[in-house]
Amino acid sequence: MEVFGTIVYSLVGLAVFFGMLVLGFGLGRLTLDWAKKSDVAWQVQVTFLASLFAFLIAMAAHVHTGLGGFGLGFGGAIIALGFPKKEKSDD
């Protein structure tokens, strides 16, 4: 019975990790989209980033596995979507 509990605990940990990976990527993309738009009021951007930081602090205090997945997803979104796209040349 102890082996079954360990397997279930590991599967739940993986599910939390990959779920937070997807959530982090989505929030990273949303953050970049909002940061690039100039028609969004600065109050909305500040409120969004403050709530994002509050979410990270709460997650750091309670869910360490989720924090790792969220950080990887958010960082991946910043890296993948933050750089300007290269234009194709006709050479």
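Placed above this text is the structure.
Below is a summary of the structure that appears in this document.

What to know about the overall build of the protein chain
Here's step 1: Looking only at helices and strands, the protein chain features three helices and zero strands.
Here's step 2: The N-to-C order of helical and strand elements in the protein chain reads α-α-α.
Here's step 3: A compact globule built from 91 residues would reach a C-alpha radius of gyration of about 12 Å, whereas the protein chain, at 18 Å, exceeds it by more than 25%.
Here's step 4: Along the first, second and third principal axes, the C-alpha atoms of the protein chain reach 60 × 45 × 15 Å.
Here's step 5: For the protein chain, the proportion of its 91 residues judged to be buried stands at 15%.
Here's step 6: Put simply, of all contacts in the protein chain between residues at least 6 apart along the chain, 68% involve residues at least 24 apart.
Here's step 7: Accessible surface computed for the protein chain: about 7000 Å², of which carbon and sulfur atoms make up 71%.
Here's step 8: The centroid of the 6 positive side-chain charges in the protein chain is displaced by 2 Å from the centroid of its 6 negative side-chain charges.

Re the packing of helix H1 (residues 2-36) against helix H3 (residues 64-82)
Here's step 1: In the contact formed by H1 and H3, the axes pass within 6 Å of each other and the chain directions differ by 35°. Considering the relative orientation of H1 and H3, their crossing is right-handed.
Here's step 2: Class assignment for the residues of the contact of H1 with H3 results in 14 nonpolar, eleven polar and two charged.

Overview of the nonpolar core
Across soluble globular proteins, nonpolar side chains have a tendency to be buried as a group.
Here's step 1: In this structure, Met20, Leu27, Phe48, Leu52, Met59 and Phe70 together form the largest nonpolar core, which totals six residues.
Here's step 2: Elements supplying a minimum of two residues to this core: H1 and helix H2 (42-62).
Here's step 3: With three residues, H2 is the single largest residue contributor to this core.
Here's step 4: In contact with Met59, not counting residues within four places along its chain, are Met20, His64, Gly66, Leu67 and Phe70.

Observations concerning the packing of aromatic side chains
Here's step 1: Scanning the model with the defined rule gives three aromatic pairs in all.
Here's step 2: Pairing Phe55 with Phe70 gives two aromatic rings, centres 5.4 Å apart and planes at 70°, and the pair type is edge-to-face. Of the two residues, Phe55 sits in helix H2 while Phe70 sits in helix H3, which places them 15 residues apart along the sequence.
Here's step 3: Plain terms: the ring middles of Phe70 and Phe74 are 5.9 Å apart, the flat faces sit at 20° to each other, and that makes the pair stacked.

Notes on a nonpolar patch on the surface
Here's step 1: A surface patch of nonpolar side chains, about 580 Å² in accessible area, is lined by Met1, Phe4, Val8, Val12, Val16 and Val63.
Here's step 2: Its place among the elements puts Val8 in helix H1.

Quick look at the environment of Gly24
Here's step 1: With respect to the secondary-structure elements, Gly24 resides in helix H1.
Here's step 2: The class for Gly24 is buried, based on a relative accessible area of 0%.
Here's step 3: Separated by 49 residues in the primary sequence, Gly24 and Gly73 place their C-alpha atoms 4.4 Å from one another.
Here's step 4: When sequence neighbours within four positions are dropped, the list of residues in contact with Gly24 reads Phe70, Gly73 and Phe74.

Rules of the game
- Residues numbered from 1 in each chain as written.
- Predicted model: local features only at pLDDT ≥ 70, side-chain atom pairs only at ≥ 80, totals over all residues.
- Heavy atoms only, no water.
- Helix = DSSP H or I, 4+ residues; strand = E, 2+ residues; numbered from the N terminus.
- Rg over C-alpha atoms; globule rule 2.2 N^0.38 Å.
- Buried < 20%, exposed > 50% of the residue type's maximum accessible area, 1.4 Å probe, protein only.
- Contact = heavy atoms within 4.5 Å.
- Areas by Shrake-Rupley, 256 points an atom, 1.4 Å probe, with all protein chains shown as cover.
- Lys, Arg positive; Asp, Glu negative; His and termini not counted.
- Charge placed at Lys NZ, Arg CZ, Asp CG, Glu CD.
- Axes fitted to C-alpha atoms, helices over the stretch in contact; angles between N-to-C directions.
- Left-handed = near helix turned anticlockwise from the far one by under 90°.
- Nonpolar A, V, L, I, M, F, W, Y, C, P; charged D, E, K, R; others polar.
- Core = buried A, V, L, I, M, F, W, Y, C linked by side-chain atoms within 4.5 Å.
- Phe/Tyr/Trp six-rings, centres within 6.5 Å; stacked < 30°, edge-to-face > 60°.
- Patch = residues over 30% accessible without salt bridge, like charges linked within 9 Å, V, L, I, M, F, W, Y side chains within 5 Å.
- Salt bridge = Lys/Arg side-chain N within 4 Å of Asp/Glu carboxyl O.

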